[in-house]
Amino acid sequence: HGLRVTKSYVEGIEIRDLVRKAIKDGRAPFAFLDRFDVITDAFDVVRVGIHFCSDALGHGGHSCQYVQGDALQDRVIEFRGFLRALKEAYPNLWFVHNTRNAQKWLPKRIHNCWPHLAVPSEDIAAWSNVWDTCCHSSFGL
């Protein structure tokens, strides 16, 4: 197809971080990405993992080095800000939004600490009940 494509990361740096830096520096959001024709999977709002766990990769990550409150809402707010900035900077920008069935897709994105108790992709309600008994925000996370 001849298009220059990047997906999620550029030279080991997450696209989200490049966009953050550009905006912080007062530049157009894709200032560090102008060599690409197509940018895919740039803003993963629900990264794999439990949303309140994070590590050096950010929310979700590979491990639960840090525990935070509900970071998902913060990610959605950031995502909306990125969309506004992109729309203002690039009025002719095309977005292709692929949709998924949330009830099937989201449970597959959750790290499962309790496979012996419940599997989210098989029974999200059972997994949520286990989560509520150990990790709910009411416990002071």
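Because the structure is predicted, anything quoted here is derived from the model rather than measured.

**Q** Quick rundown of the overall build of the protein? Include the residues and the values.
**A** Across its full length, the protein carries four helices and seven strands. Ordered by position in the sequence, the α and β elements of the protein form the string β-β-β-α-β-β-β-β-α-α-α. Across the 141 residues that make up the protein, the buried fraction comes to 29%. Summed over its atoms, the accessible surface of the protein is roughly 9700 Å², and 55% of this surface lies on carbon and sulfur atoms.

**Q** Please give an account of the side chain of S8 that cites residues and values.
**A** One can find S8 in the loop between strand 1 (5-7) and strand 2 (9-10). Judged by its relative accessible area of 17%, S8 is buried. Contacts of S8, omitting those with residues within four sequence positions, involve I13, E14, I15, T40 and D41.

**Q** Break down the pattern of salt bridges for me, with residues and values.
**A** This model, assessed by the stated rule, comprises seven salt bridges. The closest approach of N and O atoms between R20 and D17, which form a salt bridge, is 2.6 Å. Pair noted here: R20 and D17 are both in helix 1 (residues 15-24), with a separation of three residues, about one helical turn. Since its relative accessible area comes to 33%, D17 is described here as partly exposed. Of the charged contacts in the structure, one is a salt bridge between K21 and D25, with a shortest N-O distance of 2.9 Å. For K21, a relative accessible area of 43% gives the class partly exposed. The exposure class of D25 is partly exposed, given its relative accessible area of 40%. It is possible to trace a salt-bridge network through shared partners that takes in E14, R16, D17, R20 and E78.

**Q** So what's going on with the nonpolar core? Which residues, and what values?
**A** Among soluble globular proteins, nonpolar side chains are generally buried collectively. Formed by V10, I15, L18, V19, F30, L33, F36, A42, F43, F82 and L86, the largest nonpolar core amounts to 11 residues. If you list the elements that add at least two residues to this core, you get helix 1 and helix 2 (71-89). Per-element accounting of this core gives the leading share, three residues, to helix 1. Excluding anything up to four places from it in sequence, F43 contacts R16, V19, F30, F79, F82 and L86. One finds W114, A118, W127 and V130 within the second-largest nonpolar core, a separate group that totals five residues.

**Q** Could you give an account of helix 1, with specific residues and numbers?
**A** Looking at helix 1, one finds that the buried residues are I15, R16, L18, V19 and A22. An end-on view of helix 1 places all buried positions within 160° of arc, on one side of the element. Where helix 1 terminates, the next one or two residues include G26, which has phi positive at roughly 80°.

**Q** A description of the side chain of R16 should follow, citing residues and the corresponding values.
**A** When you line up the elements, R16 lands in helix 1. A residue is classified by how much of its surface remains accessible, and R16, at 2% relative accessible area, is buried. Here the side chain of R16 touches E78 through a polar contact of 3.1 Å, side chain to side chain.

**Q** Residue-level account of the confidence of the model for the protein, with values.
**A** Across the protein, pLDDT averages 78, with 72% of residues at or above 70. Put simply, strand 6 (residues 58-59) is where the protein has its lowest mean pLDDT, 61, and helix 1 is where it has its highest, 93.

Analysis parameters
Residues numbered from 1 in each chain as written. Predicted model: local features only at pLDDT ≥ 70, side-chain atom pairs only at ≥ 80, totals over all residues. Heavy atoms only, no water. Helix = DSSP H or I, 4+ residues; strand = E, 2+ residues; numbered from the N terminus. Buried < 20%, exposed > 50% of the residue type's maximum accessible area, 1.4 Å probe, protein only. Areas by Shrake-Rupley, 256 points an atom, 1.4 Å probe, with all protein chains shown as cover. Contact = heavy atoms within 4.5 Å. Salt bridge = Lys/Arg side-chain N within 4 Å of Asp/Glu carboxyl O. Core = buried A, V, L, I, M, F, W, Y, C linked by side-chain atoms within 4.5 Å. Arc of directions from axis to C-beta. Polar contact = N/O pair within 3.5 Å; in protein donor to acceptor, adjacent residues only side chain to side chain. pLDDT = per-residue confidence, 0-100.

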